Amino acid sequence: MAAFLSAWPWENLGSYKYLLLGPLFAKVFHSMIHEDIQKDSWYFHVVMIYLVRCLIYQLWSSYSNMLFLTRNRRILQKGVDFNQIDKEWHWDNFLILQTLLASIGCYIFPFLQHLPLWDPRGLITVLILHIGVSEPLYYWVHRFFHQNYLFINYHSLHHSTPVPQPFTAGNATFLEHLVLSFIIGIPLFGASLLGCGSISSVYGYVFVFDFLRCLGNSNVEVVPHKMFETMPFLKYVLYTPTYHSLHHTEKGTNFCLFMPLFDALWNTLNTSSWELHKRISTNAGKNSKAPDFVFLAHVVDVTSSLHVPFVFRSVGSFPYTMRIFMLPMLPGAFLVMLVMWLCSKTFLLSFYKLRNRLHQTWIVPRHGFQYFLPFATEGINKQIEQAILRADKLGVMVISLAALNKNEALNGGGTLFVNKHPNLKVRVVHGNTLTAAVILNEIPKDVKEVFLTGATSKLGRAIALYLCRRKVRVLMLTLSTERFQNIQKEAPADCQSYLVQVTKYNAAQNCKTWIVGKWTTPREQGWAPAGTHFHQFVVPPILPFRRDCTYGDLAAMRLPEDVEGLGSCEYTMERGVVHACHAGGVVHLLEGWTHHEVGALDVDRIDLVWNAALKHGLKPVSSSKVINAQ
């Protein structure tokens with residue numbers, strides 16, 4: 001049974017909890033429509049404060065997750081995993097609580113409804129009450145919550161997340177936030193009761209309060225140590241992210257709200273606080289730990305560019321799908337795309353650890369459509385080349401090229417870079433061998449005939465040659481007889497008859513196994529008989545048009561269970577699942593292979609790579625990713 005007041009009253013409402021604020025918003029809209037907003041302005045201010053507070057926490061969360069800006073200033077080098085994101089999902093409960101309490105307070109005490117816009121005495125009074133009452137009161141309450149019973153039943157929730165984030169500030173029990181609301185309210189209510197409160201002091205105090213809470217929980221050291229060297233007294237006036245992170249890691253020190261003065265007064269100041277802060281601040285700008293593996297990805301399209309941790313951490317923790325609330329953000333995303341095209345370089349998006357090795361995802365700042373613009377190919381190849389050279393300089397062992405970054409027409413599946421830089425220490429991998437293996441292992445053993453589009457592509461060629469060796473008849477859709485014949489000649493003499501060139505989709509009207517490597521329109525899909533399953537390696541995946549057929553997702557594998565710090569989904573992949581080309585690079589690293597995997601696929605290595613993936617704990621996910629068209 002949960003401890004008294006540990007659970008939130010609206011815990012079972014889920015996202016419907018926001019309806020609790022419905023009457024407030026309705027009152028504001030009603031007042032705006034009837035032009036009497038001045039009469040009940042306190043409704044408006046309560047709602048505005050709530051909205052701006054949400055924005056403050058969201059902006060801080062975005063900044064904290066912009067690894068391309070913060071990687072060298074991060075205090076704890078762990079990643080924020082799915083478990084932490086789920087625990088902090090309802091981080092904003094306290095904002096709803098305090099908004100409701102503020103509304104009740106204004107209703108009970110009418111003098112709060114008619115505060116002047118500005119009163120300089122109010123700012124001074126609020127500051128005095130904060131330092132003299134709120135700070136010491138919070139300190140002692142916080143210490144009490146670290147006692148056995150209170151910690152186990154209440155405060156342990158706040159400390160259960162391993163990496164402080166701005167949203168961690170809100171991850172606490174109902175009782176804790178009731179107490180915190182009282183502590184926040186003392187300076188504001190006290191100043192108003194003394195007749196010197198003002199609207200500006202309410203806005204200013206609440207926003208500064210939230211800003212400092214986000215600062216302390218950001219896990220990014222932004223306070224320069226030279227400021228404390230110039231003015232030593234400031235170290236007792238303002239805490240730092242490093243200072244607060246030590247409280248999270250060691251728990252028995254640094255209890256203050258914002259002012260370390262009270263830790264110093266009551267002998268709970270961690271003696272290593274300033275030394276650690278100076279070390280992190282001094283090393284800012286220097287290279288952090290070099291990754292062992294890099295997955296070099298790119299943006300798919302404008303809408304999917306919003307599916308990243310530094311936009312909405314919660315959205316990025318689930319497979320990509322377009323959401324209605326993201327539509328107003330599309331113009332901004334389009335402008336960002338133009339800026340990236342003009343002046344951006346490859347940047348760090350996310351990371352995780354696997355068996356004590358650091359894996360990072362870097363993003364080439366180009367969108368999918370740009371890869372098909374003839375005038376853009378040189379610039380894209382330059383971006384990819386610079387990323388490979390940077391990885392080589394950092395000591396990265398393997399860099400895996402994603403999707404269009406290894407396009408045959410663009411750079412020969414990576415051969416361009418390997419040939420241009422023959423002394424590369426980093427191994428360049430396109431990962432297509434494992435992609436082919438995943439697709440081939442999805443096909444039931446009793447299948448005797450398949451229809452293959454994109455048949456003369458790098459992947460199509462390997463799939464066709466592998467299947468014909470299994471005595472599976474492959475209908476290869478291609479208009480190029482020359483390319484077909486070249487592939488057919490590669491097959492063993494007794495298997496060549498199993499490769500059949502077809503030039504139209506109607507040739508597959510009796511084949512229920514389609515392998516799609518080229519975009520297929522709904523009309524072309526119409527030639528498939530009922531019950532057909534569409535395997536695919538085309539990016540982006542085809543639209544699931546047929547209700548009487550099933551569609552597989554892009555080739556993917558689930559990372560081993562001992563992966564650490566993984567908290568974002570890779571495009572449409574499930575949690576913990578990555579594209580096969582990503583997994584192929586991981587296998588390359590784990591096996592310690594020293595060759596580049598670029599250019600044409602070696603069909604003889606398909607089974608070898610597949611078995612190596614399974615040996616290291618990667619798992620196929622095809623069975624759970626088949627979807628029915630709706």
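Residues numbered from 1 in each chain as written. Predicted model: local features only at pLDDT ≥ 70, side-chain atom pairs only at ≥ 80, totals over all residues. Heavy atoms only, no water.

Per an unreviewed UniProt entry, the protein chain is named Fatty acid hydroxylase, and its organism is Trema orientale. What the UniProt record of the protein chain gives under Subcellular location (unreviewed entry) is the line "Membrane". Recorded in UniProt under Sequence similarities (unreviewed entry), the annotation for the protein chain is "Belongs to the sterol desaturase family." (UniProt positions renumbered as here; feature names shortened; annotations may be inferred.)

Visitor: Would you take a moment to explain the UniProt feature "domain: Fatty acid hydroxylase" (unreviewed entry) in the protein chain for this structure?
Guide: Residues annotated in UniProt with the feature "domain: Fatty acid hydroxylase" (unreviewed entry) correspond here to residues 128–268. In residues 128–268, the share of helix is 62% and the share of strand is 0%. The end C-alpha atoms are 23 Å apart. (Helix = DSSP H or I, 4+ residues; strand = E, 2+ residues; numbered from the N terminus.)

Visitor: Would you mind showing me how to read the environment of M337 here?
Guide: Locating M337 in the fold gives a position in helix α15 (residues 330–343). Take M337: its relative accessible area is 4%, and that puts it in the buried class. Leave out the neighbours within four places in its chain, and M337 touches H367, F369 and Q370. (Buried < 20%, exposed > 50% of the residue type's maximum accessible area, 1.4 Å probe, protein only. Contact = heavy atoms within 4.5 Å.)

Visitor: Looking at this model, I keep getting lost on the UniProt feature "transmembrane region" (unreviewed entry) in the protein chain. Mind explaining?
Guide: The UniProt feature table records "transmembrane region" (unreviewed entry) at residues 42–60, 94–112, 124–141, 178–208 and 332–352. Secondary structure within residues 178–208 divides into 84% helix and 0% strand; the distance between the first and last C-alpha atoms comes to 19 Å. As a span, residues 332–352 carries 57% helix and 29% strand, and end to end its C-alpha atoms are 29 Å apart.

Visitor: What should I look at first to understand the domain arrangement of the protein chain in this one?
Guide: Interface size, as often reported, equals the accessible area lost upon joining of the parts. The domain architecture assigned to the protein chain consists of domain 1 (11–283), domain 2 (289–429 + 575–629) and domain 3 (437–552). Computed over C-alpha atoms only, the centres of domain 1 and domain 2 are separated by 38 Å. Across the contact, 21 residues belong to domain 1 and 16 residues belong to domain 2. Of the roughly 1,500 Å² buried between domain 1 and domain 2, counting both surfaces, carbon and sulfur atoms make up 64%. By the criterion of area lost to domain 2, the three top residues of domain 1 are L67, F68 and F82, representing 33% of everything that side buries. Where domain 1 meets domain 2, there are two salt bridges. Here E88 makes a salt bridge to R313, at a shortest N to O gap of 2.9 Å. Residue assignment for the side of domain 1 that touches domain 2 shows that the elements contributing at least two residues are α2 (41–64), α3 (67–70) and α4 (82–87). In terms of residues, the side of domain 1 that touches domain 2 owes the most to one element, α4, which gives four residues. For the side of domain 1 that touches domain 2, the residue count by class is eight nonpolar, eight polar and five charged. (Domains from an automatic or database assignment. Buried area = accessible area lost by both parts, 1.4 Å probe. Salt bridge = Lys/Arg side-chain N within 4 Å of Asp/Glu carboxyl O. Nonpolar A, V, L, I, M, F, W, Y, C, P; charged D, E, K, R; others polar.)

Visitor: How do you make sense of the packing of helix α11 (residues 241–250) against helix α13 (residues 273–283) when you look at a structure like this?
Guide: Taken N-terminus to C-terminus, the directions of α11 and α13 make an angle of 125°; their axes are 9 Å apart at the nearest point. Regarding the angle of α11 to α13, the classification is oblique. Helix-helix and strand crossings are classified by hand; for α11 and α13 the assignment is right-handed. Contacts between α11 and α13 pair T242, Y243 and L246 from the former with S273, W274, L276, H277 and I280 from the latter. (Axes fitted to C-alpha atoms, helices over the stretch in contact; angles between N-to-C directions. Parallel < 35°, antiparallel > 145°, perpendicular 65-115°, else oblique. Left-handed = near helix turned anticlockwise from the far one by under 90°.)

Visitor: Whenever I open this one, the nonpolar core confuses me. Can you help?
Guide: Grouped together as the largest cluster of nonpolar side chains are 74 residues, with contacts concentrated most on L434, L467, L499 and I515. In terms of residue count, the dominant contributor to this core is helix α20 (residues 458–469) (eight residues). Shared between two domains, this core holds at least three residues of each, these being domain 2 (289–429 + 575–629) and domain 3 (437–552). Those residues in contact with I515 that sit more than four places away from it in its chain are I439, I443, V450, F451, L452, T453, I463, L467, H535 and F537. Grouped together as the second largest cluster of nonpolar side chains are 51 residues, W10, C106, F167 and L234 included. (Core = buried A, V, L, I, M, F, W, Y, C linked by side-chain atoms within 4.5 Å.)

Visitor: I'm lost on the sheet that holds strand β2 (residues 347–354) in this one. Help?
Guide: The pairing of strands in a sheet happens through backbone hydrogen bonds and is either parallel or antiparallel. Spatially, six strands are ordered β5-β4-β1-β3-β2-β13 in an open sheet, and the strand pairing comes out mixed. With one partner strand each, in any of the chains shown, β5 (427–429) and β13 (563–564) form the two edges of the open sheet. Here three bridges tie strand β4 (residues 398–401) to β5, and the two strands are oriented parallel to one another. Looking at the pairing, S400 lines up with V429 of β5. Running over the sheet, helix α16 (residues 377–394) touches β1 (293–298), β3 (357–364), β4 and β5 and is turned about 160° from β3. (Pairing = 2+ DSSP bridges.)

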